Amino acid sequence: MIATPTRRHGSRPQNDSEPAKTWRERMKDARTAYGNIPGAFKLVWDADKRNTIVMATLTLLSAALPLSQAYVGKLIVDSVVGSIAAKVAPQAGLTAALPFLAIEFALLMVSSIISQVRRLTEHA
């Protein structure tokens, strides 16, 4: 059996050449990093305004998709559970859920299209 050094859960191995940073140093590094954000945005904006707007719009749309997909998924489940509770025929239950299934499919297609347009925009 090979003996391995024990570590606390979540701790990183200590490197003797670089001492661990204190929380104050980490916070200073974070403030410095966040201080560079406005300059980075200005560089991107100056480089290509149109692509910056397209990417921002696509990012916001991409952010809204998971929430809308989850909500439509809930509507699908509610429709199925309601159909079972009402003891309707399977065809009627499918008819009740079909619009929500179509919306879910459309959202998946929109997600794929946005992903492709983002890739094309990034490499344009």
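Since the structure is predicted, the reported quantities are computational estimates derived from the model, not experimental observations.

Cut-offs and rules
- Residues numbered from 1 in each chain as written.
- Predicted model: local features only at pLDDT ≥ 70, side-chain atom pairs only at ≥ 80, totals over all residues.
- Heavy atoms only, no water.
- Salt bridge = Lys/Arg side-chain N within 4 Å of Asp/Glu carboxyl O.
- Helix = DSSP H or I, 4+ residues; strand = E, 2+ residues; numbered from the N terminus.
- Buried < 20%, exposed > 50% of the residue type's maximum accessible area, 1.4 Å probe, protein only.
- Axes fitted to C-alpha atoms, helices over the stretch in contact; angles between N-to-C directions.
- Parallel < 35°, antiparallel > 145°, perpendicular 65-115°, else oblique.
- Contact = heavy atoms within 4.5 Å.
- Nonpolar A, V, L, I, M, F, W, Y, C, P; charged D, E, K, R; others polar.
- Polar contact = N/O pair within 3.5 Å; in protein donor to acceptor, adjacent residues only side chain to side chain.
- Left-handed = near helix turned anticlockwise from the far one by under 90°.
- Core = buried A, V, L, I, M, F, W, Y, C linked by side-chain atoms within 4.5 Å.

In this structure the tally under the stated criterion is three salt bridges. A salt bridge links Lys42 to Asp46, with the nearest nitrogen and oxygen atoms 2.8 Å apart. Taken together, the positions of Lys42 and Asp46, both in helix H2 (residues 37-47) and four residues apart, correspond to about one turn of that helix. A salt bridge links Lys74 to Asp78, with the nearest nitrogen and oxygen atoms 2.4 Å apart. A residue pair is termed a helical-turn pair when its members lie 3 or 4 positions apart in one helix, as Lys74 and Asp78 do in helix H3 (residues 49-85) at four residues. Given the relative accessible area of 41%, Lys74 is considered partly exposed.

Our focus in this paragraph is the packing of H2 against H3. Contact geometry for H2 and H3: axes closest at 5 Å, N-to-C directions at 120°. Accordingly, the angle class assigned to the pair H2 and H3 is oblique. Of the residues in H3, those in contact with Val44, Trp45 and Ala47 of H2 are Lys49, Thr52 and Ile53. Taken together, the residues that form the contact of H2 with H3 break down as four nonpolar, one polar and one charged.

The backbone of Lys87 shows a phi angle near 55°, a positive value even though the residue is not glycine. In this fold, Lys87 is placed in the loop between H3 and helix H4 (90-122). Owing to a relative accessible area of 75%, Lys87 belongs among the exposed residues under this scheme.

Summarising the element assignment, Thr52 is placed in helix H3. Here the alpha-carbon distance between Thr52 and Glu122, two residues 70 residues apart in the chain, equals 9.5 Å. Residues within four places of Thr52 in sequence aside, it is in contact with Val44 and Trp45. Looking at Thr52, its side chain comes within polar contact range of the main-chain oxygen of Val44, at 3.3 Å.

Turning our attention to the packing of H3 against H4. One can describe the packing of H3 onto H4 by two numbers: an axis separation of 9 Å at closest approach and a directional angle of 160°. The orientation of H3 with respect to H4, classified from their angle, is roughly antiparallel. As H3 runs across H4, the sense of the crossing is left-handed.

What follows concerns the nonpolar core. Formed by Leu58, Leu65, Val72, Ile76, Leu107 and Ile114, the largest nonpolar core amounts to six residues. At the level of elements, H3 and H4 are the ones that each hand at least two residues to this core. Counting residues per element, this core draws most heavily on H3, which supplies four residues. Not counting residues within four places of it along the chain, the set of residues in contact with Ile114 comprises Leu58, Leu61, Ser62 and Leu65.

So far we have only geometry, and geometry alone does not tell us how the molecule works.
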